[in-house]
Number of protein chains: 2
Amino acid sequence: MKPASNKREWPLSKVYGLLEPGPVLLLTTAHQGRANVMTQSWHTLLEFEPPLVGCVVSGLGFSFTALRLTKQCVLNIPTAELATQVVGCGNVSGAGFDKFSEFGLTPEPASQVAAPLIQQCYANLECRVVDTRLKNRYNFFVLEVVKAWVDPACKAPRTLHHCGYGVFRVAGETLTLPSRMP
Amino acid sequence: MKPASNKREWPLSKVYGLLEPGPVLLLTTAHQGRANVMTQSWHTLLEFEPPLVGCVVSGLGFSFTALRLTKQCVLNIPTAELATQVVGCGNVSGAGFDKFSEFGLTPEPASQVAAPLIQQCYANLECRVVDTRLKNRYNFFVLEVVKAWVDPACKAPRTLHHCGYGVFRVAGETLTLPSRMP
């Protein structure tokens, strides 16, 4: 199933290029009939294809429990237009609070997982948890991206790169050098 | 010992703000009397303080062996001025090849580890390996930053954010929003 918004399916072999630059993410989960969203900056690629992503989710909140029990989430990549929402979702708890409606974020059904896509994000990566060996020590989950969506109209996404306490650098000019390496 | 270049010691409690934006790194190691440098984009913060960094180092090269055996490295953060060197260090093997002299990178002695700092990088993080449980499965090392150096003159570093095959986004404008979260 394709999301209602104007997204195109993205090849899993190219997912690394979305995450390798280190953008702030909005991580969505769904558990016991409700969805939540949290702001997430601690992630790394672990493998090209299938794309594996290591991701730290604080052990104190709704998202950690949902991720642990459902083993599913979506990594949504916002751009600078969503900076207020990114900070807002990082500052409040999802317990007893609907961050989607509060921050004007539109959930859309995903294709492979129960957690929703965020329509306003230019890219959405549907993920399943495949390794939890470092969960107890670092709150570190290994995710496999099983489906990826990208807005084809967004050519040079102004992704947000967090430096602490609401300070972000916005992805700026594009440099292209000859290289043999992915 | 302070490096010869114009760097200031950086508090370990603030190291996360250097790595969280996801910059491309130059990772240096030293082993059996020689130093090497590799380009590295797959890393994530795991803890604020002491700063812990998870980092993927390909199992095929000099750096992997050096890191495995010496349990020491330096994460050097380059800016856009070093884009050619970043691509060059990612495209050639360090076996039988001195990337420092080839690419005009100046090694400086570090304070806590045998691997060198790269003088031309605006920040340098001296690291020790503290956990190798995911080394065999993902080439993933957990590093503790034990000393950090930053050039105080570099206020808005134009860090490089890799998107694949020599394409980088350069860190651009700075956004500052009120936030309670580090």
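Preceding this section is the structure that the text describes.
This report concerns the structure included in the present document.

To continue, consider the overall build of chain A. A tally of helices and strands in chain A yields five helices and twelve strands. Scaling as 2.2 N^0.38, a compact globule of 182 residues should have a C-alpha radius of gyration of about 16 Å, and chain A matches this with 15 Å. Dimensions along the principal axes, computed over C-alpha positions, put chain A at roughly 50 × 35 × 35 Å. Counting all 182 residues of chain A, 57% fall into the buried class. Considering only intrachain contacts with a sequence separation of at least 6, the fraction spanning at least 24 residues in chain A is 66%. Across chain A, the mean location of the 17 positive side-chain charges is 4 Å away from that of the 13 negative side-chain charges.

Of the two same-sequence chains, chain B is brought onto chain A (RMSD 0.0 Å, axial shift 0.0 Å) by a rotation of 180°. Such a combination of rotation and displacement between the chain copies is what one expects of a two-fold axis. When the interface residues of chain B are mapped onto chain A, 100% of them again lie at the interface, so the same face is used by both copies.

We now examine empty space enclosed by the protein. Applying the stated criterion across every chain, the model contains one cavity of 30 Å³ or more. Its volume calculated, the largest cavity comes out at about 90 Å³. Lining the largest cavity we find 15 residues, and of these Gly22, His43 and Thr44 of chain A together with Gly22 and His43 of chain B sit closest to its centre. Elements with a contribution of two residues or more to the lining of the largest cavity: β4 (43-47) of chain A together with β4 (43-47) of chain B. Here the residues of the lining of the largest cavity sort into five nonpolar, eight polar and two charged.

Contact residues are listed per partner, giving 54 residues for chain B and 55 residues for chain A. In this structure, the connection of chain B to chain A is made through four salt bridges. Here Arg158 of chain A makes a salt bridge to Glu173 of chain B, at a shortest N to O gap of 2.4 Å. When residues of the side of chain B that touches chain A are traced back to their parent elements, those giving at least two are α1 (16-19), β4, β5 (52-56), α3 (83-91), α5 (135-138), β10 (140-150), β11 (160-164) and β12 (167-176) of chain B. Take the side of chain B that touches chain A: its biggest share by element is ten residues, from β12 of chain B. Each residue belonging to the side of chain B that touches chain A can be placed in one class, and the counts come to 29 nonpolar, 16 polar and nine charged. Relative to β12 of chain B, strand β12 (residues 167-176) of chain A runs antiparallel, the two being bridged by seven bridges. The partner of Val167 of chain A across the bridge, within β12 of chain B, is Thr176 of chain B.

Attention now goes to the state of the cysteines. All names here are of chain A. For the structure shown, the criterion picks out zero disulfides over all chains. Cys55 carries a free sulfur, and the closest cysteine sulfur to it, the one in Cys73, is 6.2 Å from it. Residue classification places Cys55 among the buried residues on the basis of a relative accessible area of 0%. Cys127 forms no disulfide, and the closest cysteine sulfur to it belongs to Cys73, at a distance of 4.7 Å.

Right, let's talk about the nonpolar core for a bit. Counting 68 residues, the largest nonpolar core has Leu75, Phe140 and Leu143 of chain A together with Leu75, Phe140 and Leu143 of chain B as its most contacted members. Not counting the four nearest positions on each side in its chain, Phe140 of chain A is found in contact with Leu46, Gly54, Cys55, Val56, Leu134 and Lys135 of chain A together with Thr44, Leu46, Leu134 and Phe140 of chain B. Val24, Leu26, Val37 and Ile118 of chain A belong to the second largest nonpolar core, which has 19 residues in total.

A word on the pattern of salt bridges. What the rule picks out here adds up to ten salt bridges over all chains. With a closest N to O distance of 2.9 Å, Arg133 of chain A and Asp131 of chain A form a salt bridge. Residues joined by salt bridges that share partners form a network here, namely Glu81 and Arg158 of chain A together with Glu173 of chain B.

Attention shifts here to the packing of aromatic side chains. Centre distance and the angle of the planes are the two values used to describe a pair of aromatic rings. Overall, the coordinates contain eight aromatic pairs over all chains when judged by the stated rule. Judged by centre distance (5.0 Å) and plane angle (25°), the ring pair of Phe140 of chain A and Phe140 of chain B falls under stacked. Residue Phe140 of chain A is located in strand β10 (residues 140-150), and its partner Phe140 of chain B is located in strand β10; the two belong to separate chains. The two residues Phe140 of chain A and Phe140 of chain B agree in class, both being buried. Through successive ring pairs, a cluster of aromatic residues spans Tyr16 and Phe48 of chain A together with Trp42 of chain B.

Cut-offs and rules
Residues numbered from 1 in each chain as written. Chains lettered and ligands numbered in written order. Predicted model: local features only at pLDDT ≥ 70, side-chain atom pairs only at ≥ 80, totals over all residues. Heavy atoms only, no water. Helix = DSSP H or I, 4+ residues; strand = E, 2+ residues; numbered from the N terminus. Rg over C-alpha atoms; globule rule 2.2 N^0.38 Å. Buried < 20%, exposed > 50% of the residue type's maximum accessible area, 1.4 Å probe, protein only. Contact = heavy atoms within 4.5 Å. Lys, Arg positive; Asp, Glu negative; His and termini not counted. Charge placed at Lys NZ, Arg CZ, Asp CG, Glu CD. Least-squares fit on C-alpha atoms with pLDDT ≥ 70 in both. 1 Å grid on protein atoms, 1.4 Å probe; cavity = no way out; pocket = protein on both sides within 12 Å on 5 of 7 lines; lining within 4 Å. Points joined across faces, edges and corners; volume = space filled by probe spheres on them. Nonpolar A, V, L, I, M, F, W, Y, C, P; charged D, E, K, R; others polar. Salt bridge = Lys/Arg side-chain N within 4 Å of Asp/Glu carboxyl O. Pairing = 2+ DSSP bridges. Disulfide = S-S within 2.5 Å. Core = buried A, V, L, I, M, F, W, Y, C linked by side-chain atoms within 4.5 Å. Phe/Tyr/Trp six-rings, centres within 6.5 Å; stacked < 30°, edge-to-face > 60°.

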